[in-house]
Amino acid sequence: MVEPVHPDELRVSDPERAAVQERLRRAVAAGQLDLHEFDTRVQSAWAARTRGELSRVTRDLPELPPEPPAPPPLGRRFSDDDAGTAMRVLTIVWASIAAVNLVVWGLVTVTSEGGIYPWWIWLSVPGAALLVLYVVGIGRPRR
């Protein structure tokens, strides 16, 4: 008959050791450990073979509050969902067409003798529609 293994006698894996190391790093950041003690405890964590040995490394540390979520990157203008992807594609297409039209109009204006009607101004209508959709919140990342 096989006797059950006590939870403290179960073997630990490298991801469990890495989680304890991260917990120790957060304890140093909170001022609960100094660097020498951190180094000693990290060495003990990576030398631990069982969950009991690993739990002794952090037994005297209080629970830390969860880390706040990271703010979205500053350069991110569109969300990662389907609406954000659609708005990103539509904006790139609109900007490309507007740039080509503006360059062609500029070249035609420079090479001709008279004033040329600024047909590129009509591209402001779809641009304004995209801006209104974005201001309403379609495709914009949540803050």
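Every chain is numbered on its own, with residues counted from 1 as its sequence reads. Per-residue local features of the predicted model are confined to residues with pLDDT of at least 70, and side-chain atom pairs are confined, for both listing and counting, to 80 or more; whole-chain, interface and lining totals are unaffected and use all residues. Only hydrogens and water are set aside; all other atoms, that is, all heavy atoms of the structure, feed into the side-chain values.

- Identification of the protein chain as DUF1707 domain-containing protein from Geodermatophilus poikilotrophus is taken from an unreviewed UniProt entry.

## A look at the packing of aromatic side chains
How two aromatic rings sit relative to each other is set out by the distance from centre to centre and by the angle between their planes.
In step 1: Side-chain rings of Phe, Tyr and Trp (the six-membered ring for Trp) are treated as a pair once their centres are within 6.5 Å; stacked means planes under 30 degrees apart, edge-to-face means over 60, and tilted covers the remaining angles. Inspection of every chain in the model, using the stated rule, returns 2 aromatic pairs.
In step 2: Where Phe-78 meets Tyr-134, the ring centres are 5.7 Å apart and the plane angle is 75°; that geometry is what we call edge-to-face. Pair noted here: Phe-78 is in the loop between α3 (51-58) and α4 (82-111) and Tyr-134 is in helix α5 (residues 124-136), with a separation of 56 residues, a long-range link.
In step 3: Seen in terms of ring centroids, Trp-105 and Trp-120 are 5.6 Å apart; in terms of plane orientation they differ by 70°. Their pairing is edge-to-face. The helix and strand labels rest on DSSP assignments: H or I over at least four residues marks a helix, E over at least two residues marks a strand, and numbering proceeds from the N terminus.

## Concerning helix α1 (residues 14-29)
Quick reminder: α-helices carry 3.6 residues per turn. Residues three or four places apart thus point the same way.
In step 1: In a helix, the anticipated span is given by 1.5 Å times the number of residues less one. For α1, spanning 16 residues, the distance from its first C-alpha to its last is 22 Å, which sits close to the expected 22 Å at 1.5 Å a residue.
In step 2: Think of it in three bands: with a 1.4 Å probe and only protein chains considered, a residue is buried below 20% of the maximum accessible area for its type, exposed above 50%, and partly exposed in between. What α1 keeps buried is the set Arg-17, Val-20, Arg-23, Leu-24 and Ala-27. On an axial view of α1, the arc spanned by its buried residues comes to 115°, and they lie on one face. The exposed residues of α1 that point more than 90 degrees off its buried face are Pro-15 and Ala-29.
In step 3: On its buried side, α1 packs onto α2 (35-47) and α3.
In step 4: Where α1 ends, the next residue or the one after it, Gly-31, has phi of about 85°, a positive value. The arc in question is traced by the directions running from the helix axis to the C-beta atoms. Whether two residues are in contact is decided by their heavy atoms, any of which lying within 4.5 Å being enough.

## A closer look at the packing of α1 against α3
In step 1: Here an angle of 0 to 180 degrees is reported between the N-to-C directions of two axes, which are lines fitted to C-alpha atoms, with helices fitted over the stretch in contact. The geometry of α1 relative to α3 is characterised by a closest axis approach of 10 Å and an angle of 10° between their N-to-C directions. Classified by the angle their axes make, α1 and α3 are roughly parallel. On the side of α1, the interface is formed by Glu-16, Arg-17, Val-20, Arg-23 and Leu-24, while α3 contributes Arg-51, Leu-54, Val-57 and Thr-58.
In step 2: Here the contact of α1 with α3 is composed, by residue class, of 4 nonpolar, 1 polar and 4 charged. The labels follow the angle: roughly parallel below 35 degrees, roughly antiparallel above 145, roughly perpendicular from 65 to 115, and oblique for the rest. Each residue gets one label: Ala, Val, Leu, Ile, Met, Phe, Trp, Tyr, Cys and Pro are nonpolar, Asp, Glu, Lys and Arg are charged, and the others, such as Gly, are polar.

## Some thoughts on the pattern of salt bridges
Between side chains of opposite charge, pairing is possible as soon as their charged atoms come close.
In step 1: Each salt bridge in this description consists of a side-chain nitrogen of Lys or Arg and a carboxyl oxygen of Asp or Glu lying within 4 Å of one another. One pass over the full model with this rule turns up 6 salt bridges.
In step 2: The partner of Glu-37 in a salt bridge is Arg-41, and the shortest N-O contact between them spans 2.9 Å. With a gap of 4 residues between them, Glu-37 and Arg-41 both fall in helix α2, about one helical turn apart.
In step 3: Among the residues examined, Arg-41 registers a relative accessible area of 11% and is labelled buried.
In step 4: One network of salt bridges, with partners in common, ties together Glu-37, Arg-41 and Asp-60.

## Considering the environment of Leu-130
In step 1: Among the secondary structure elements, Leu-130 is positioned in helix α5.
In step 2: Linking Leu-130 and Val-103, residues 27 residues apart in sequence, is a C-alpha distance of 22 Å.
In step 3: Sequence-distant contacts of Leu-130, defined by excluding residues within four places in its chain, comprise Met-87, Leu-90, Thr-91 and Trp-94.

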